[in-house]
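# Structure assessment
If you want the building blocks of each chain, they are given just below.
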Amino acid sequence: MTETVTIFSDIIHLPNVGEKRAAALNDLGIFTIYDLLQHYPFRYEDLSVDNIAEIEDKQSVVLQGEVISEPVVSYFAYRKSRLNFTILVNGIPVPVTFFNQPYYKKQIKRNDHIIIYGRFDGLKKSLVAQRLLSSGGDLHEDGLEPVYPANAGIKQGGLRKLIKAAYDKYHLEIPEHVPLELKKKYRLIDHQEAVKNIHFPQDERMSQEAVRAIKFEEFFTFQLRLQETKMKKDQIDEAYIINYDVTAIQRFTDSLSFEPTGAQKRVVNEVCVDFKSPFRMRRMLQGDVGSGKTMVAAAAVVAAHSAGKQTAFMVPTEILAEQHASSLEEMFAQFDLSLALMTGSTTDKRKKEILHELSVGTIDLVVGTHALIQETVNFNELGFVIVDEQHRFGVNQRETLEKKGNFTNILYMTATPIPRSMALTSYGDMSMSIIDELPKGRKAIDTRWIQSSDDQKIDVLVEKALSQDSQVYVINALIDESETVDLQTALETYEKYRSQYEPQVKVGLLHGKMTADEKEHIMRAFKSNEIQILISTTVIEVGVDVPNANLMVIYDAERFGLAQLHQLRGRVGRGDQEAVCLLVGQPKTEIGKKRLSLMTESQDGFYLSEKDLELRGPGDIFGQRQSGLPKFKMADIIADYPILEVARKEALIYIKNKMKNTKTKEISHENRN
Ligand SMILES: Nc1ncnc2c1ncn2[C@@H]1O[C@H](COP(=O)(O)OP(=O)(O)OP(=O)(O)O)[C@@H](O)[C@H]1O
């Protein structure tokens, strides 16, 4: 039985596509026939005939004229050839040369009317021709010719022919996702029409209309998917309700040594509203560096506890787990709330105790690494899960933890401010909470930028910090993706600082080639002030808290993104002393300069992450693959943000209406029964 070929079938089913061509197409990201139709041009060549009176020197032109001399082929060098003849264009004779295309001689005859494309020499009034567009009785299609991303295995001409063939045969199967009323509202052409016009436009206006419709379609379908997942996950069930005691939260906030900021109070409230609702909470908490996320998490733990629910708090590394456990312990000092820490280093004996206590419910909160997702871990009444730096865990790991409870509410936290546009697109299926306010009295980190590695200036700062018993971070840039090169640079810096400062102070080295244990060991030594100067590559932890470190020197700062520099800078100034961050870098581009001067001007992570996105583009921030950002074929999250906003709003309305209609139908169905 032969398989029915549809627009979604493998590209190999198209005529003129063999294994080799299919492989070349695959390299361009084209796997199905529909992928091929969505392989959009990145520019157009204008193939309408030019007026010879208006053309300029070195311009690509299309000329139409009569051949007035016999075409002659002459050979030179090794297999090189020239085909020469003259055409008469509006009464002006124009000498034409085709290089290395002797075969055109057969198609071009004296007295023919032809149309050719090439580069015009204004001085000599001659044309170096590249293509014959029409000769004899051939029809020349006026208009714009698409130029596609291509490769050695499949070139422009081949792609154009394949796309044309695919369109002719399968255009009726091109899916339409945008509802008619939206197309009317935003004056969008049909998707099928748009695909046609993007590949075969008659003029610029048509191609622009196509681009607009395709971008909307891409964002709209993406948002529909996102919202649908959200709805599915938000199934109503009373079992999700956490009936907390509001006075417990009040007692907790009263017991703190500080007054929560407005943003902290607002976010605690947002979590509480979710707790009381019969939907599963899936909330992402974004907080700027040092904005006090831990307090918010703690208040939520107190709320869950007051309703008799246990909490699991998962973080990516042992150091962070220890850090969180100790600051939470401090916050719960006046509370009857039992906390345990469970990591890979927990002894077997202690682990056994914890496992037992978790299963009988005498531990209210367990903070830990992925040790928490082991099969042996069972809870008595797990109702709340917190995942810190969630992007560092796989989806499976997160789900395994969530499934350890029956109806768990989930709070994800991240210390990397995500620009609004990115957050909406990547995490649109979660609710979002933002802490964009720093605790009162927090001093700005004195951020300076020096152009060259002026050792003297750096030395003065390092010596000053050491004389005040402060500790120092020295960060080396990520030179390239290979850790080997990074390591080399870090090693050189390490040797330099050692020879300069040891044995009076101890210099430590941290890099990505170390095992997790070695890294933890060094970080611990730095935390406990056994090491005073820490030389590190970018492996230094997000969220690491060493309040005694008040100077950070960042070499080759121009190689970092703004968001990353901001994260790094946030490692200092966590105590009550003045902190300095010294950026050493000589950016070669204007953008590079702008980035470093922005760092000296702003301490606001959300502002900087937006700027970073503007300056670098989304792919550059973390590398497209790591960022988890969806890639669109035509639309661009940054440049087309206004369209994204509209598409998101409309997708939401569309889904809500759909749900309403389904309900109405169910009700009228019940009535009939
Ligand atoms: N409202 C507040 N007023 C004063 N100090 C606060 C307030 N909230 C939190 N803090 C203190 O600020 C410090 C930073 O808080 P926390 O560790 O929760 O920050 P964070 O959001 O996790 O930051 P990072 O992501 O940089 O680690 C802690 O020492 C905490 O006790």
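It should be emphasised that the depicted structure is a prediction, and the values quoted were computed from it without experimental measurement. (Residues numbered from 1 in each chain as written. Predicted model: local features only at pLDDT ≥ 70, side-chain atom pairs only at ≥ 80, totals over all residues. Heavy atoms only, no water.)

Scanning the protein from terminus to terminus reveals 22 helices and 21 strands. For the protein, the share of sequence-separated contacts (at least 6 apart) that also reach a separation of at least 24 residues comes to 72%. (Helix = DSSP H or I, 4+ residues; strand = E, 2+ residues; numbered from the N terminus. Contact = heavy atoms within 4.5 Å.)

Let's shift gears to the site of the ligand. Near the ligand, the surroundings consist of 18 residues, among which Gly290, Lys293, Thr294, Arg442 and Arg574 are the closest. Here an oxygen atom of the ligand and a backbone polar atom of Gly292 are 3.0 Å apart. About the coverage of the ligand: the protein hides 78% of its 640 Å² of free accessible area. Along the lines of polarity and charge, the residues of the shell around the ligand split into five nonpolar, seven polar and six charged. In this structure, the shell around the ligand is formed jointly by two domains, domain 4 (238–435) and domain 5 (446–616), each of which donates at least three residues. (Near = heavy atom within 4 Å. Polar contact = N/O pair within 3.5 Å; in protein donor to acceptor, adjacent residues only side chain to side chain. Areas by Shrake-Rupley, 256 points an atom, 1.4 Å probe, with all protein chains shown as cover. Nonpolar A, V, L, I, M, F, W, Y, C, P; charged D, E, K, R; others polar. Domains from an automatic or database assignment.)

Helix H10 (residues 318–331) packs onto helix H9 (residues 293–306) with a crossing angle of 60° between their chain directions and a minimal axis gap of 10 Å. Of the possible angle classes, the one that applies to H9 and H10 is oblique. Handedness of the H9/H10 crossing: right-handed. Contacts from Thr294, Met295 and Ala298 in H9 reach His324, Ser327, Leu328 and Met331 in H10. (Axes fitted to C-alpha atoms, helices over the stretch in contact; angles between N-to-C directions. Parallel < 35°, antiparallel > 145°, perpendicular 65-115°, else oblique. Left-handed = near helix turned anticlockwise from the far one by under 90°.)

Turning next to empty space enclosed by the protein. The full count for this structure, using the stated rule, is one cavity of 30 Å³ or more. Here the largest cavity is characterised by a volume of approximately 60 Å³. Contributing to the lining of the largest cavity are Glu176, Val178, Lys183, Leu188, Ile189, Asp190, His191, Ala213 and Glu217. Of the residues belonging to the lining of the largest cavity, the class tally is four nonpolar, one polar and four charged. (1 Å grid on protein atoms, 1.4 Å probe; cavity = no way out; pocket = protein on both sides within 12 Å on 5 of 7 lines; lining within 4 Å. Points joined across faces, edges and corners; volume = space filled by probe spheres on them.)

Below, the discussion takes up the packing of aromatic side chains. This model, assessed by the stated rule, comprises 14 aromatic pairs. When the ring of Tyr186 is compared with that of Phe216, the centres are 5.6 Å apart and the planes differ by 35°; the resulting orientation is tilted. Taken together, the residues span a long stretch of sequence, with Tyr186 in the loop between helix H4 (180–185) and helix H5 (191–199) and Phe216 in helix H6 (residues 204–233) at a distance of 30 residues. By relative accessible area, which is 3% here, Phe216 ends up buried. Seen from the ring of Phe200, Lys164 lies directly overhead, with NZ or CZ sitting 5.9 Å from the centre. Over the ring of Tyr244 we find Lys276, and its NZ or CZ is 4.3 Å from the ring centre. (Phe/Tyr/Trp six-rings, centres within 6.5 Å; stacked < 30°, edge-to-face > 60°. Buried < 20%, exposed > 50% of the residue type's maximum accessible area, 1.4 Å probe, protein only. Lys NZ or Arg CZ within 6 Å of the ring centre and 35° of its normal.)

What the seven strands build is an open sheet, ordered S11-S12-S10-S13-S14-S9-S15; its pairing is parallel. Two strands bound the open sheet, and with one partner strand each, they are strand S11 (339–342) and strand S15 (431–435). Strand-to-strand twist across the sheet, computed as the mean angle between neighbouring axes with direction ignored, equals 20°. Pairing between strand S9 (residues 282–287) and strand S14 (residues 409–414): five bridges, direction parallel. Bridge assignment links Leu285 to a residue of S14, and that residue is Met413. Of the strands in this sheet, S9, strand S13 (382–388), S14 and S15 touch helix H8 (residues 262–276), which is tilted by about 160° from S15. (Pairing = 2+ DSSP bridges.)

The next thing to look at is the confidence of the model for the protein. On average, the protein scores 86 in pLDDT, and the residues at 70 or more come to 90%. Here residues 479–483 scores under 50 on pLDDT; set against residues more than four positions off or in separate chains, the count is ten contacts. Under a pLDDT of 50 for its full length, residues 618–629 has, in the predicted model, 18 contacts with residues more than four places off or in other chains. Note on the complex model: pTM 0.64, ipTM 0.97. (pLDDT = per-residue confidence, 0-100.)

Now for the environment of Ala635. On the secondary structure map, Ala635 appears in the loop between helix H21 (624–627) and helix H22 (641–672). Assessed through its relative accessible area of 8%, Ala635 is described here as buried. Residues Ala635 and Arg212, spaced 423 residues apart in sequence, show a C-alpha to C-alpha distance of 8.9 Å.

Tracing the sequence through the fold places Leu127 in strand S7 (residues 126–134). Along the chain, Leu127 and Tyr117 lie ten residues apart, while their C-alpha atoms are 8.7 Å from each other. When residues no more than four places from it in sequence are discounted, the contact partners of Leu127 are Val61, Leu63, Val94, Pro95, Val96, Thr97, Ile116, Gly118, Arg119 and Phe120.

Here the structure, examined in full by the defined rule, presents 23 salt bridges. A salt bridge links Glu502 to Arg498, with the shortest nitrogen-to-oxygen separation between them at 3.1 Å. Exposure remark for Arg498: the relative accessible area of 32% places this residue in the partly exposed category. (Salt bridge = Lys/Arg side-chain N within 4 Å of Asp/Glu carboxyl O.)

One broad rule of soluble globular proteins: the nonpolar side chains tend to lie buried together. Formed by 42 residues in total, the largest nonpolar core has its most connected members in Phe252, Phe275, Phe313, Phe332, Leu365 and Phe384. For this core, the secondary structure elements donating two or more residues are helix H7 (246–255), H8, H9, H10, strand S12 (365–368), S13 and S14. Here the element with the most residues in this core is H9; it accounts for ten residues. Setting aside anything within four residues of it in sequence, one finds Phe313 in contact with Ala297, His324, Leu328, Leu365, Val366, Val367, Gly368, Leu372, Ile386, Asp388 and Met413. Within the second largest apolar cluster, 32 residues are counted, among which are Ala477, Met523, Leu565 and Leu596. (Core = buried A, V, L, I, M, F, W, Y, C linked by side-chain atoms within 4.5 Å.)

The terminal C-alpha atoms of helix H14 (residues 455–467), which comprises 13 residues, lie 18 Å apart, in line with the 18 Å expected from a rise of 1.5 Å per residue. Along H14, the residues classified as buried are Ile458, Asp459, Leu461, Val462, Ala465 and Leu466. Taken around the axis of H14, the buried residues stretch over an arc of 165°, which confines them to a single face. Across H14 from its buried face, at more than 90 degrees, point the exposed residues Gln456, Val460 and Ser467. Positive phi shows up at Asp469, right after H14, with a value of about 65°. (Expected span 1.5 Å × (residues − 1). Arc of directions from axis to C-beta.)

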